[in-house]
Amino acid sequence: MKVFSLKKEERLSKKKLIQELFEKGSSFYLYPLRVVFLPTNSKQNQILISVSKTNFKRAVDRNTIKRRIREGYRLNKHALSSDIFFSIAYIYTAREIVDSSIIHQKIIQSFNEITERK
RNA sequence: AAAGCAAACCGGCUUAUCGUGUCGUGGAAACGCGCCAAGGAAAGUCCGGGCAACACAGGGCACCGUACUUCCUAACGGGAAGGUGGCGCGAAACGCGCCAACAGAUAGCGCCACAGAAAAUAAACUACCCACAACGACUUGUCGCGAUGGGAAAAGGUGAAAAGGCGGAGUAAGAGCCCACCGCCCCGGUGGCGACAUCGGGGGCAUGGCAAGCCUUACGGGUUGAAAGGCCAAAUAGGCCACACUUCUUAACCGAUACUGCUGCCCGCGGUAUGCGCAAGCAGGUGUGGUUGGGUAGGCUGCUCGAUCCCCGCUGUAAAGCGGGGGCUAGAUAAAUGAUAAGCGCUUCAAAAAACUGAAGUACAGAACCCGGCUUAUAGGUUUGCUUUUAUU
């Protein structure tokens, strides 16, 4: 598998898995993100990105933030290496649009948190 | 040339690295290669239609919507052309532009704040005119005054609006009481498909405003909405059929009553329940086998070739229609169409012109079944038309 790709299999799309993640998963806050994660028995890490409609009324802004987070995960996901895999949800909680470089940095930090806490 | 107004259109480009989705192609697979990949509003969800499911014998009333005319259209509350009224520009026009909830107020009910005498069967304030008891004056039969009785609706002031307007004649003072012109109403002619325009005759005014209070007239209106709907495999509740065992009461039809469906109500027509009447033989439970299969989560489909787009010709004042040629132009589903970096272009500013340099800015905004409109947001730019100002000929 290529290093920087991000296929559909790496995204959470099943309703049951999402419900399980939010009911049983543990979470921590890392500005501007809230991260929810749960170890799973699937064959790879799966992520979910969410931006609240109340904080960003325009769809253009929500798309931009989602794309930046996705790129941050895609370009750095090789740093998250472990013997087990996780379901991870990134929820954007800030009220303003943050630069890409900061988001990238925070995502790398989140990987360290997850591997420590498991 | 500049400014203003209106209409139509455009609304960034290139490269590098790493990525995403549909389709095509190679491959057993992993994956590789190629093509394409947001908008003028994709937005608001305000109208109209296609498509789909469900419902529907029919009639009346209610409810909701629309409202100058003709045309366009699949349809519309949209558009085109025109009529009428109002406003703006202008010296002015039969000019140009903008706006209109633009059917009916002699079908009926209701309302008309404040001010004002009075707000709709007019008049109770001031002012005007006539008569005249009492009183006053003096030139002693006249004048003044005004309780009171009557006339009039012209004048003042109030108001958004004061009972057709203006002028004349008339009168005690006045009044469509009478007359001319204008307005209004009625009838007829002419032109126009029509809204309407115009001409002639008659009426003496009867008819204040509000329909965005109720209402009247004419026309239209099933409900839901892609989370619609269809298909697939799995597990399972339930239904149905056959057989066996078991228990003993009660099924169907018709009438009656109650509830309910047809947008609401009534009539009408259906459906269900009750088991009172009439009537008479099957009804319930358990097990086995077969068959069917609601809902839930998942996958596939619906899904993008269409009232389609571009060009040319013809018809029409135009909206638009017809014919010919060419093109295929997003299909995601916890939701792709991107991220990062560099450069270019454009606009503004740095006194003025050109070049250079620097700084700042580069909008509104993201498809979710598909179309036709409307409304709202939008940095900057282009074109066309009209008006005004200045310059030149």
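In the block above lies the structure referred to throughout.
Right, let's walk through the structure included here.

Definitions and limits used
- Residues numbered from 1 in each chain as written.
- Chains lettered and ligands numbered in written order.
- Predicted model: local features only at pLDDT ≥ 70, side-chain atom pairs only at ≥ 80, totals over all residues.
- Heavy atoms only, no water.
- Helix = DSSP H or I, 4+ residues; strand = E, 2+ residues; numbered from the N terminus.
- Rg over C-alpha atoms; globule rule 2.2 N^0.38 Å.
- Buried < 20%, exposed > 50% of the residue type's maximum accessible area, 1.4 Å probe, protein only.
- Contact = heavy atoms within 4.5 Å.

1. Considering the overall build of chain A
Along the backbone of chain A there are 3 helices and 4 strands. For chain A, the α and β elements follow one another from N to C terminus as α-β-β-β-α-β-α. Taking 2.2 N^0.38 as the reference for a compact globule, 118 residues should give roughly 13 Å; the C-alpha atoms of chain A span a radius of gyration of 14 Å, in line with that estimate. Of all 118 residues assigned to chain A, the portion counted as buried reaches 36%. Sequence-distant contacts in chain A: of pairs separated by 6 or more residues, those separated by 24 or more amount to 79%.

2. Digging into the side chain of Asp 61
Here Asp 61 shows up in helix H2 (residues 59-76). Ignoring anything within four residues of it in the chain, the contact list for Asp 61 reads Phe 56 and Ile 97.

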